[in-house]
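Report on the structure
Read off the chains here:
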Amino acid sequence: MSWIQGITCQLRHWRAARAQWRADMAEFKAAQKDGRRKGEWPENPGPPPNGFSLLPWLLMGMGSFSNLLQGKTPNPWIGGLGLLIFNSLYINVVFRSFVKEKREAVSTRLALLTMGLVTCGLALGYGGNWLYFFPLLGLATGACLRGPRLGQVGIALAVLAGTVSGIRAGTAAINIAYGTFLSTMVTAAILSLSEAVRELRAAREELARRAVEKERMRFSRDLHDLLGHTLSVIVVKSEAARRLAPRDMDAALDQITDIESVGRQALTEIREAVTGYREGSLATELDRARSALSAADIAPVVRQSGPPLTPQNEALLSWVVREAVTNVLRHSGATRCEITLDGVLDRVRLTIADDGPEDGGTAATGPAEGIGIGGTGLKGLTERLATAGGSLRAGPSPRGGFTVTAELPVEAAELTSSGVAASGSTAPREP
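This text gives an overview of the structure that appears in the document. (Residues numbered from 1 in each chain as written. Predicted model: local features only at pLDDT ≥ 70, side-chain atom pairs only at ≥ 80, totals over all residues. Heavy atoms only, no water.)

Moving on: the pairing of strand β5 (residues 402-409). Buried residues dominate β5, accounting for eight of its eight residues. Neither face of β5 is open: one carries Phe402, Val404, Ala406 and Leu408, the other Thr403, Thr405, Glu407 and Pro409, and all of them are buried. Relative to β5, strand β3 (residues 347-354) runs antiparallel, the two being bridged by seven bridges. Within β5, the position partnered with Ala353 by the bridge is Thr403. Here six bridges tie strand β4 (residues 391-396) to β5, and the two strands are oriented antiparallel to one another. From the neighbouring strand, Ser391 faces β5, where its bridge partner is Glu407. Between the antiparallel neighbours β4 and β5 lie five residues, among them Gly400 with a positive phi of about 100°. (Buried < 20%, exposed > 50% of the residue type's maximum accessible area, 1.4 Å probe, protein only. Helix = DSSP H or I, 4+ residues; strand = E, 2+ residues; numbered from the N terminus. Pairing = 2+ DSSP bridges.)

Taken together, the side chains of Leu59, Met62, Phe65 and Leu69 define a hydrophobic patch exposed on the protein surface, amounting to about 440 Å² of accessible area. Summarising the element assignment, Leu69 is placed in helix α2 (residues 62-69). Take Leu69: its relative accessible area is 64%, and that puts it in the exposed class. (Patch = residues over 30% accessible without salt bridge, like charges linked within 9 Å, V, L, I, M, F, W, Y side chains within 5 Å. Areas by Shrake-Rupley, 256 points an atom, 1.4 Å probe, with all protein chains shown as cover. Salt bridge = Lys/Arg side-chain N within 4 Å of Asp/Glu carboxyl O.)

Moving on: the nonpolar core. The biggest cluster of nonpolar side chains holds 37 residues, and the ones touching the most others in it are Leu317, Val320, Leu329, Ile339 and Leu350. Looking at this core, the elements that each hand over two or more residues are α8 (173-244), α10 (282-295), α11 (311-332), β2 (336-344), β3, α12 (376-387), β4 and β5. For this core, the element with the most residues is α11, which contributes nine residues. If sequence neighbours within four positions are ignored, Ile339 has contacts with Leu286, Ala289, Val301, Val302, Arg303, Val325, Leu350, Thr351 and Ile352. Counting 33 residues, the second largest nonpolar core, distinct from the first, contains Phe52, Ala111, Cys120 and Trp130. (Core = buried A, V, L, I, M, F, W, Y, C linked by side-chain atoms within 4.5 Å. Contact = heavy atoms within 4.5 Å.)

Going through the model one piece at a time under the given rule, you end up with 14 salt bridges. Between Glu260 and Arg264 there is a salt bridge, with its nearest N and O atoms 3.0 Å apart. In this pair, Glu260 and Arg264 are both assigned in helix α9 (residues 249-275), four residues apart and thus about one turn of the helix distant. Judged by relative accessible area, Glu260 falls into the partly exposed class, the value being 44%. A single salt-bridge network, built from bridges that share partners, covers Glu206, Arg209, Arg210 and Glu213.

Next comes the structure, spelled out in structure tokens:
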């Protein structure tokens, strides 16, 4: 009973495939109708071809079946058995040919070889209409064997069909050979082209999905870097205003004015980040860092030296200053923060070092040498600098405190496509 169960399962599989094909075809026709109404070409390419698309070609064997019914075929039982075996093998091969794993299986190739032997036997034994099984064999071969050797196989099959047909039909063998070669090559070409179109469409959809994901990551990084620093500055200045209000109202009002200015600037930067045209100015970022550190009673020391930076380098280093200073304000417990920018040979180096305790909260952002940097901001910066050919190291300093070091090649403008621009650098200065 196992073979009966196998046939039943196969019939159920074909029935399900047919139902799926009909559903896909209905969706395709609806998309076509909607596209014609809107004057657009639908994106849906329709249901993929399957074994059912090659089944109608079995009608080429109706002449042989007619000969059997009319009693024109000697040994009709042998002919009928051969016809049954050929049709069964044809259906099995063409359905397996639309699944890559099954198409390349040894069992499928053996079924195709057996089909060829049956075709030769029937053609030699009966001739006439039975010779049309060679083009059917070519269809199954083209569907199954799609690859660089298809041309050689097609020629060999055409020669075989012509030789066998020549024995039974004389000069008519040329038509059989030509039909066999044409059916083999055209079937393989159409199915390969259909498969390639679908793979390209799938690749395009994957690229579009990755582009959306990449833009989402960029936007989330920008918002983290923008809001994290800005809110930290607002908190620090608010605390400073609260401390100053009882004894020096003018100084407290100055801090409140700074809070208003920072808030307005944050709104502008968020709008620029949303549109993707945010400009990074290292000089502006250093000024903000000095102001925020001073408000938090952390002595800022800013040193700059070396040649002018490219706009892309300025933009990237502005992000580093923003993130590192935010970490100092939030976690370090430091009393002094040094920001040093200098050029070393063909690279530019930015160092932000504080004198906080070695076990301060900043150290939790990641281990030294930039390996496994854990903070969201530092991870994003590591990715940004790596894209530009640079590097980021963060960890405890041998002299105490925490140090963040960023390096970029001088010609990073050629390595990054961040598309941000910035104003020129400022002269060296120190508070």
